[in-house]
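Report on the structure
Listed here are the chains, written in short residue letters.
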Amino acid sequence: MSTSAISALAQQLVAAHRGGERVPVDAATLQTLSRAQALSIQHEFVSALSVPVAGWKVACLPDGDLISAPIVGSRLLWSPASISRTVYGLGGVECEIAFRFAREPVPGRDGFAREHIIDVIDGACAAIEVVDSRWATRFCTPRNAMVADLLSNGALVVGPVNRNWRDVAFDTLKARLDINGSAIYQSTGGHSDGELIGLLVMFANDLWKRGLAIRPGEIVTTGSYTGFHTANSGDEIVAHFDGFTSVSVTFQ
């Protein structure tokens, strides 16, 4: 794909992010995107929004592929939140744990180890990720195209920071997703990789190799404990995690 085609797709994603139509590209075309091209689109997309990066979304897939994307400041919200259809779009929701960084981690000679990350975490919080795709293919989108589209992040709603996060057993953490007061899904240790600090170490090393870093105050969300679900206009979504203040968002 040419440089001009990459720029054109980035600009279309910007328009869709601001409330325009979904980008009319078919899955076959998106399938041709390489990871390098996807990251180029992602970078141009975020730069063109002219909004500071407030955090990151990261996941390690079952095949070992680490994928990530920035979360822009206009889409990082504090609970309780109320958002418009322009933001929630297709209405995907996931219950997650996110970490806030007090300082930028400093790598050792060979990169980051656990102690480099643990020492700079300010705390952890419950979060609801609102998931939306700006591609016309909606959620039937190839992996690299998702990377280009900020990993389908519509918004991240976060709660108060728990500074006693080191006492939390993330691999057995109990979580529940409620919609309009009814429990839709609950789990114990529902994260596909409950070793969240290890995931953060992998992520920090990946950014370091790309010449990037986690900045002070940024929030990194680490994937779903309750799987992917959808909500509709008028719904109130609440995420509950043992030991954390619950988080809520209403779809206008």
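Structure's up top.
Residues numbered from 1 in each chain as written. Predicted model: local features only at pLDDT ≥ 70, side-chain atom pairs only at ≥ 80, totals over all residues. Heavy atoms only, no water.

1. Observations concerning the overall build of the protein
Rules: The secondary structure listing takes helices from DSSP runs of H or I that are at least 4 residues long and strands from runs of E that are at least 2 residues long, numbered from the N terminus. The globule rule used here is 2.2 Å times the number of residues to the 0.38 power, and the radius of gyration it is set against is calculated over C-alpha atoms. Only protein chains enter the calculation, and the probe is 1.4 Å; a residue is then buried if its accessible area is under 20% of its type maximum, exposed if over 50%, and partly exposed in between. Contacts between residues were defined by any pair of non-hydrogen atoms, one from each residue, lying within 4.5 Å. Where accessible areas are quoted, they stem from the Shrake-Rupley method and a 1.4 Å probe; at the residue level, only the protein chains shown are allowed to cover.
In terms of helices and strands, the protein carries seven helices and 13 strands. The globule rule puts the C-alpha radius of gyration for 252 residues at 18 Å, and the 17 Å found for the protein is close to it. Referenced to the eigenvectors of the C-alpha coordinate spread, the extents of the protein come out at roughly 50 × 50 × 30 Å. Residues classed as buried in the protein amount to 54% of the 252 residues present. The contacts of the protein with a sequence gap of at least 6 include a subset with a gap of at least 24, amounting to 73%. Total accessible area on the protein is roughly 10700 Å²; 50% of this is exposed by carbon and sulfur atoms.

2. Looking at the sheet that holds strand 8 (residues 174–179)
Our working definition: DSSP bridges decide pairing: two strands pair if at least two such bridges lie between them. With axes taken as lines fitted to C-alpha atoms, and helix axes fitted only over the stretch in contact, angles between N-to-C directions fall between 0 and 180 degrees.
Here five strands make up an open sheet; going across it, the order is 4-13-12-8-9 and the pairing mixed. Strands with a single pairing partner mark the edges of an open sheet, and in this sheet they are strand 4 (81–83) and strand 9 (182–188). Sheet twist, expressed as the mean angle between neighbouring strand axes with direction ignored, is 15°. Pairing of strand 4 with strand 13 (residues 247–251), which is carried by three bridges, proceeds in the parallel orientation. Residue pairing for strand 13: Ala-81 is matched across the bridge by Val-249.

3. Re the nonpolar core
The criterion, for reference: Nonpolar core, defined: a set of buried Ala, Val, Leu, Ile, Met, Phe, Trp, Tyr and Cys residues in which side-chain atoms within 4.5 Å join the residues together.
Among the nonpolar cores identified, the biggest contains 49 residues, and Ile-97, Phe-99, Phe-170 and Phe-241 are the most heavily contacted of them. Considering each element in turn, this core owes the most residues, eight residues, to helix 7 (residues 196–209). Sequence-distant contacts of Phe-170, that is, excluding residues within four places in its chain, are made with Ile-97, Phe-99, Trp-165, Gly-194, Leu-196, Tyr-225 and Phe-244.

4. Thoughts on the pattern of salt bridges
This is how the line gets drawn: Salt bridges are defined as contacts in which a side-chain nitrogen from Lys or Arg sits within 4 Å of a carboxyl oxygen from Asp or Glu.
For the coordinates displayed, the defined rule picks out 12 salt bridges. Across the pair Asp-65 and Arg-35 runs a salt bridge, and its minimum N-O distance is 2.7 Å. With Asp-65 in the loop between strand 1 (53–60) and strand 2 (66–72) and Arg-35 in helix 3 (residues 35–49), the pair connects residues that are 30 residues apart, well separated along the chain. Residue Asp-65 is classed as buried on the basis of its relative accessible area, which comes to 19%. Residue class for Arg-35 comes out partly exposed when judged on its relative accessible area of 27%. A salt bridge links Arg-114 to Glu-195; its shortest N-O distance comes to 2.8 Å. With Arg-114 in helix 5 (residues 114–118) and Glu-195 in the loop between strand 9 and helix 7, the pair connects residues that are 81 residues apart, well separated along the chain. Given the relative accessible area of 37%, Arg-114 is considered partly exposed. Glu-195 gets classed as partly exposed once you look at its relative accessible area, which sits at 39%. Linked by salt bridges that have partners in common, Arg-35, Asp-63, Asp-65 and Arg-143 make up one network.

5. Describing the side chain of Lys-57
Where we set the bar: Pairing of N or O atoms within 3.5 Å defines a polar contact, subject to two protein rules: one partner must be a possible hydrogen donor and the other a possible acceptor, and residues neighboring in sequence count only if both atoms are side-chain atoms.
Looking at the element boundaries, Lys-57 is found in strand 1. Exposure remark for Lys-57: the relative accessible area of 12% places this residue in the buried category. In terms of polar contacts, Lys-57 uses its side chain to reach the side chain of Glu-129, at 2.9 Å. Those residues in contact with Lys-57, other than ones at most four positions away along the chain, are Ile-67, Ser-68, Ala-69, Ile-71, Glu-129, Leu-151 and Thr-221.

6. Considering the packing of aromatic side chains
What characterises a pair of aromatic rings is the spacing of the ring centres plus the angle enclosed by the ring planes. Test applied: Side-chain rings of Phe, Tyr and Trp, where Trp is taken by its six-membered ring, are said to pair if the distance between their centres is within 6.5 Å; with planes under 30 degrees apart they count as stacked, over 60 as edge-to-face, and otherwise as tilted.
With the rule as written, the count across this model stands at seven aromatic pairs. Between Phe-139 and Phe-228 the ring centres are 5.1 Å apart and the planes differ by 75°, which places this aromatic pair in the edge-to-face class. Of this pair, Phe-139 sits in the loop between strand 6 (121–131) and helix 6 (143–148) while Phe-228 is found in the loop between strand 10 (219–224) and strand 11 (229–230), placing the two residues 89 residues apart along the sequence. Assessed through its relative accessible area of 39%, Phe-228 is described here as partly exposed.

7. Side note on the pairing of strand 7 (residues 153–158)
The element strand 7 is extensively covered by neighbouring structure, given that six of its six residues are classed as buried. Direction of pairing for strand 3 (residues 76–78) relative to strand 7: parallel, over a ladder of three bridges. The residue bridging Leu-76 from the neighbouring strand is Leu-156, located in strand 7. Here strand 6 runs beside strand 7; their pairing, made up of five bridges, is antiparallel. Looking at the pairing, Glu-129 lines up with Leu-156 of strand 7.

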